[in-house]
Amino acid sequence: MTPKEKEDLLRFAVNLARKAGTITLDYYGKITDVDWKEDLSPVTKADKEAEKWMRGRIRETFPDHGIIGEEFGTENPGSPVQWILDPIDGTRSFIHRIPLYTTLIGITVENRPEIGVIYAPVTDELCEAATGLGAKYNGRECRAGSAKDLSSATLLSTDITTIRQEGLFEPFSELLDRVRLHRTWGDAYGHMMVAAGRADIMFDPVLNIWDAAALMPVLQESGGLFLDFRGEASINSGHGFSSSRHLAGEVLDVMARYQRNKL
Ligand code: IPD
Ligand code: CA
Ligand code: CA
């Protein structure tokens, strides 16, 4: 893919995320019906409408491309270009009328995460990146922070319950003891905060491919890292964290000490 083709795809993905996010705003604060999926996560009409709309636009514009979406599964699985969609990341926030939810679009080319867009419709914050082309946060350069050690770091997570359920409370607890501040500005919004230099580590114990695909290009192009807890740059591991490059080693040391046999 040439840089121009990549830039064009990024522009399309940014417009798609903005429009899908705007669809969710029509339902924000008005949700009365919530369905619970097999994995016990909630879904609303807004999640489904936003994903349906994105799928329709991708299908009519790029009929050969593949789609993996949280709510409606897989199309064209053999295509080298895959659109990976999470219409509302942070549905629990969305349902509770907390503005920190996002629409996520990742694009992989031959399994490499190449493009990522994170859009928070309520706060109108947008992070976009394509490999080799840099990252932007609200149209300006997006740079991950420069905290040099844990003692000056702000650590984010979505919640503590899931961390405990995944057997990761011990290493997380060590991180809590060593950082300056912990907040739960979580889900993909937390990863965007790390990319934009407003927080230093976002710890995520459970990630599906649609949670992770947009994050990796955004973090890498911001000068940060998105890694799984073994230190691999993967969107398929089921867990991971974002951080500045300086801090990733310290996080991985903590994880390795507690998790040698578990991850
Ligand atoms: C959730 C968020 C959360 C992650 C969960 C996901 P949803 O997504 O991405 O950060 O830890 O595993 O289910 O359901 O709000 O799109
Ligand atoms: Ca999600
Ligand atoms: Ca979702």
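Residues numbered from 1 in each chain as written. Chains lettered and ligands numbered in written order. Predicted model: local features only at pLDDT ≥ 70, side-chain atom pairs only at ≥ 80, totals over all residues. Heavy atoms only, no water.

**Some remarks on unusual backbone geometry**
With glycine set apart, most residues show a phi of negative sign, and most peptide bonds adopt trans. Operational definition: Only DSSP runs of H or I reaching four residues or more are called helices, and only runs of E reaching two or more are called strands; each is numbered from the N terminus. The buried label applies to any residue whose accessible area, calculated with a 1.4 Å probe on protein chains only, is under 20% of its type's maximum; exposed applies above 50%, and partly exposed to all values in between.
If you check the backbone angles, Asn138 has positive phi at about 50° while not being a glycine. Here Asn138 lies in the loop between strand E9 (134-137) and strand E10 (140-141). A residue is classified by how much of its surface remains accessible, and Asn138, at 41% relative accessible area, is partly exposed. At Asp187, a residue that is not glycine, the phi angle is positive and equals roughly 55°. Mapped onto the elements, Asp187 comes out in helix H6 (residues 187-195).

**What about the site of ligand 1?**
The cut-off we apply is this: A molecule or strand has a residue near it when one of that residue's heavy atoms lies within 4 Å. What qualifies as a polar contact is a pair of N or O atoms within 3.5 Å, subject to a donor-acceptor requirement within protein and to the restriction that residues adjacent in sequence count only when both atoms come from side chains. Here the accessible surface of atoms and residues is derived via Shrake-Rupley with a 1.4 Å probe, and residues count as covered only by protein chains that are part of the display. Polar here means any residue outside two lists: the nonpolar Ala, Val, Leu, Ile, Met, Phe, Trp, Tyr, Cys and Pro, and the charged Asp, Glu, Lys and Arg; Gly therefore counts as polar. Here the limits of each domain have been adopted from an automatic or database domain assignment.
With respect to spatial proximity, the complete set of residues near ligand 1 consists of Glu70, Asp86, Ile88, Asp89, Gly90, Thr91, Thr158, Asp187, Asp204, Val206 and Asp211. Between an oxygen atom of ligand 1 and a side-chain N or O atom of Glu70, the distance comes to 3.2 Å. Asp187 is positioned such that a nitrogen or oxygen atom in its side chain is 2.8 Å from an oxygen atom of ligand 1. Surface burial for ligand 1 is 89%, taken as the share of its 370 Å² of free accessible area covered by protein chains. Of the residues assigned to the shell around ligand 1, the class counts are two nonpolar, three polar and six charged. For the shell around ligand 1, the domains that each give at least three residues are domain 1 (3-141) and domain 2 (150-257).

**Structural notes on the side chain of Glu128**
What counts is decided by this rule: Throughout, a contact is declared for two residues whenever any of their heavy atoms are within 4.5 Å.
Topologically, Glu128 is positioned in strand E8 (residues 125-130). Within polar-contact distance, the side chain of Glu128 engages the side chain of Arg11 at 2.8 Å. Setting aside residues no more than four positions away along its own chain, Glu128 makes contact with Leu10, Arg11, Val14, Gly116, Val117, Gly134, Ala135 and Lys136.

**Thoughts on helix H1 (residues 3-25)**
Put simply, the rule is: Expected span of a helix, by definition, is 1.5 Å for each gap between consecutive residues, and there is one gap fewer than residues.
The end-to-end C-alpha separation of H1 is 33 Å, in line with the 33 Å expected for 23 residues at 1.5 Å each. Taken together, the buried positions of H1 are occupied by Lys6, Leu9, Leu10, Phe12, Ala13, Val14, Leu16, Ala17, Ala20, Gly21, Ile23 and Thr24. The inward-facing, buried residues of H1 abut helix H2 (45-61), strand E5 (81-89), helix H3 (91-95), strand E6 (102-109), strand E7 (112-120) and E8.

**Overview of the domain arrangement of the protein**
Where the parts come together, the accessible area they lose is often given as the size of the interface. Rule in force here: By buried area we mean the combined loss of accessible area, with a 1.4 Å probe, across both parts when two parts are placed together. Basic side-chain nitrogens of Lys or Arg form a salt bridge, by our definition, when they fall within 4 Å of a carboxyl oxygen of Asp or Glu.
Its domain assignment divides the protein into domain 1 (3-141) and domain 2 (150-257). Here the C-alpha centre of domain 2 lies 21 Å away from the C-alpha centre of domain 1. The largest per-residue losses of area from domain 1 upon contact with domain 2 belong to Leu100, Pro113 and Ile118, which jointly make up 25% of the total buried on that side. When the shortest N-O distance is used, the salt bridge between Glu125 and Arg198 registers 3.0 Å. The interface formed by domain 1 and domain 2 includes seven residue pairs in polar contact (both at pLDDT 80 or more). Of all elements in the fold, only strand E3 (66-69), E5, E6, E7, E8 and E9 reach the threshold of two or more residues within the side of domain 1 that touches domain 2. If one sorts the elements of the side of domain 1 that touches domain 2 by residue count, E7 sits on top with seven residues. Counted by class, the side of domain 1 that touches domain 2 contains 17 nonpolar, 11 polar and five charged residues.

**Digging into the nonpolar core**
Applied cut-off: Here, the term nonpolar core denotes a set of buried Ala, Val, Leu, Ile, Met, Phe, Trp, Tyr and Cys residues that are joined through side-chain atoms within 4.5 Å.
One finds Ile118, Cys127, Met192 and Phe226 to be the most contacted residues of the largest nonpolar core, which totals 32 residues. The set of elements that each furnish at least two residues to this core consists of E7, E8, E9, H6, helix H7 (209-212) and helix H8 (215-221). Considering every element that reaches this core, the biggest residue donor is H6, with six residues. Split by domain, the residues of this core number at least three in each of domain 1 (3-141) and domain 2 (150-257). Among residues more than four places away in sequence, those in contact with Cys127 are Gly116, Val117, Ile118, Lys136, Tyr137, Cys142, Met192, Ala195 and Val218. The next biggest cluster of nonpolar side chains, apart from the first, holds 24 residues, and it includes Ala13, Ala17, Ile67 and Ala130.

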